[in-house]
Amino acid sequence: MAEQGQGIFITFEGIDGSGKSTQAVRLCERLSASGVDVLRTREPGGSSGAEEIRALLLQGEPDRWSAETEILLFTAARRDHLEKTIQPALAQGKCVISDRFADSTRVYQGATRGDLRGTVDKLHSLMIGKEPDLTFIIDMDPKVALERGLARNSGEDRFEDFGLGFQETLRHGFLALARDFPERCIVVDGNRSLEAVASEVAAFAADRLGIEL
Ligand code: ADP
Ligand code: TYD
């Protein structure tokens, strides 16, 4: 694995439909406009091999894969994403903004479908071993988020199809994660206008980057 570069690694996490992608785009635009060299990426995906694995994971019936198989597939995709996209960009000093990363595996596979968190953590330290510098956890009402997410009709709704109870469990999982990693996680209230959320996110990011926006 390449050495960590000078860049900064920022991730967005949260339940489906909470506004992560929207906020990742906004932050990217704000930082780029201020002259920061930004790379926006996403998981599962973010490299050509990982995008192929994404299709396997997100399409099809909810019970297509066991939680264990999912952990392996998400981790395989992440390893490719890290090698091909994230590490090279950080080594060039870029600010990498990823829509989801390892925290999603910790919560989706580790805590919701059998207590597999230990397995997720072991595989992470063996194959990934990288944490973001800053993580925004967008917290919001699962009912509203689910409605927003399904309204997109993306054809990638395998996880949304687990239903509202699952999204509520996920929400608590993300809040617990924020308590586990307080030095890098910031919980942002997503039940507000897009602009209000974007301003708060930008302020935290600017502070962490040591710049004014
Ligand atoms: P995620 O990436 O977390 O699944 P998205 O950013 O794709 O969420 O947002 C889901 C949907 O909700 C999109 O149609 C988006 O335009 C809309 N949306 C995002 N943020 C807000 C907000 N603060 N208020 C209202 N709608 C929003
Ligand atoms: P994403 O495209 O971000 O979905 P959404 O826009 O609905 O939030 O992510 C796809 C799905 O994959 C999402 O339901 C969460 C799930 N997922 C995991 O279960 N584990 C993981 O490690 C990752 C990265 C995503």
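This text follows the structure it describes.
Structural notes, computed from the coordinates. (Residues numbered from 1 in each chain as written. Chains lettered and ligands numbered in written order. Predicted model: local features only at pLDDT ≥ 70, side-chain atom pairs only at ≥ 80, totals over all residues. Heavy atoms only, no water.)

## Notes on the site of ligand 2
Applied cut-off: Whether a residue is near a molecule or strand is decided by its heavy atoms; if any one of them lies within 4 Å of it, the residue is near. For this analysis, a polar contact is any N or O atom pair within 3.5 Å, provided that within protein one partner can donate a hydrogen and the other can accept it, and provided that sequence-adjacent residues contribute only side-chain to side-chain pairs. Grid spacing is 1 Å over the protein atoms alone, the probe is 1.4 Å, and a cavity is where that probe fits but cannot get out, while a pocket is an open set with protein on both sides within 12 Å along at least five of seven lines and lining residues have an atom within 4 Å of a point. Pocket or cavity membership: a molecule qualifies when more than half of its atoms sit within 2 Å of the grid points of that site. Helix and strand definitions follow DSSP, with helices as H or I runs of at least four residues and strands as E runs of at least two, each counted in order from the N terminus.
By nearness alone, 17 residues border ligand 2, and Asp16, Lys20, Arg100, Thr105 and Gln109 come closest of all. The separation between an oxygen atom of ligand 2 and a polar side-chain atom of Asp16 is 2.4 Å. Here an oxygen atom of ligand 2 sits 2.9 Å away from a polar atom, N or O, in the side chain of Lys20. Among the cavities detected, the one that contains ligand 2 is the largest pocket. Elements with a minimum of two residues in the shell around ligand 2: α2 (48–58), α3 (67–91) and α4 (102–109).

## Regarding the layout of surface pockets
Rule in force here: Grid points are joined across faces, edges and corners, and a volume is the space filled by probe spheres set on the points. The residue classification treats Ala, Val, Leu, Ile, Met, Phe, Trp, Tyr, Cys and Pro as nonpolar and Asp, Glu, Lys and Arg as charged. All others, Gly included, are polar.
Taken as a whole, the largest pocket holds about 760 Å³ of empty space. Around the largest pocket sit 38 residues that line it, and Lys20, Ser21, Asp99, Arg100 and Arg152 are the ones nearest its centre. Looking at the lining of the largest pocket, the elements that each hand over two or more residues are α1 (20–33), β2 (38–42), α2, α3, α4, α6 (142–151) and α8 (194–209). When residues of the lining of the largest pocket are assigned to their parent elements, the largest contribution, five residues, is made by α1. Per-class residue counts for the lining of the largest pocket are nine nonpolar, 14 polar and 15 charged.

## Brief notes about the packing of α4 against helix α5 (residues 117–127)
Pairs of packed helices are described in terms of their axes, by the angle between the two and the distance that separates them. Stated formally: The convention used is that axes are lines fitted to C-alpha atoms, helices contributing only their stretch in contact, and that angles between N-to-C directions extend from 0 to 180 degrees. Roughly parallel here means an angle under 35 degrees, roughly antiparallel means over 145, roughly perpendicular means 65 to 115, and every remaining angle is called oblique. For any helix crossing, the convention is left-handed if the near helix is rotated counterclockwise from the far helix by under a right angle, and right-handed if that rotation is clockwise. Working rule for contacts: check all heavy atoms of both residues, and any pair within 4.5 Å makes them a contact.
The geometry of α4 relative to α5 is characterised by a closest axis approach of 9 Å and an angle of 155 degrees between their N-to-C directions. With respect to each other, α4 and α5 are oriented roughly antiparallel. Note that α4 runs across α5; the crossing there is right-handed. Only Arg117, Val120, Asp121 and His124 of α5 make contact with α4, whose side of the interface consists of Ala102, Thr105, Arg106 and Gln109. Considered class by class, the residues forming the contact of α4 with α5 number two nonpolar, three polar and three charged.

Honestly, it's all geometry; don't read function into it.
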